[in-house]
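Descriptive structure summary
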Amino acid sequence: MQTDYNAKYWRSRSVRRNAENKELKKRIKELKAGRENWKRKYMLNRDRLLKVEKELNFIKKTIGKIIF
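Residues numbered from 1 in each chain as written. Predicted model: local features only at pLDDT ≥ 70, side-chain atom pairs only at ≥ 80, totals over all residues. Heavy atoms only, no water.

Quick look at the packing of aromatic side chains
Taken as a whole, this structure holds one aromatic pair when the rule is applied. Arranged with centres 5.1 Å apart and planes meeting at 80°, the rings of Tyr-9 and Trp-10 form a pair that is edge-to-face. Directly above the aromatic system of Trp-38 lies the positively charged group of Lys-41, at a separation of 5.1 Å from the ring centroid. (Phe/Tyr/Trp six-rings, centres within 6.5 Å; stacked < 30°, edge-to-face > 60°. Lys NZ or Arg CZ within 6 Å of the ring centre and 35° of its normal.)

Some points on the environment of Lys-26
By the element assignment, Lys-26 lies in helix H1 (residues 2–67). Counting along the chain gives 21 residues from Lys-26 to Tyr-5, while the straight-line C-alpha distance between them is 32 Å. (Helix = DSSP H or I, 4+ residues; strand = E, 2+ residues; numbered from the N terminus.)

Written as C-alpha cells, this is what we have:
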C-alpha cells in the first residue's frame, strides 16, 4: 500500500511540474515576442531619427553656403 501512495504522490508532482513548465514556456515565448516587437520599433525610430539628422545637417550646410 505504501508504494501505491508513493507512486500517486510522485505522479501528481510530475503532472503539476509539467503543467508549470508548459505555462513558463508559454510566458517565455510571449516575453521574447514582446522584446522583439520593442526592438523592432526602436530600430525603426532610430533609423528615422538618423535620417532626419542627416537631412538637417545637409540643410544647415546649404543655408551656410547661401549666406556666405
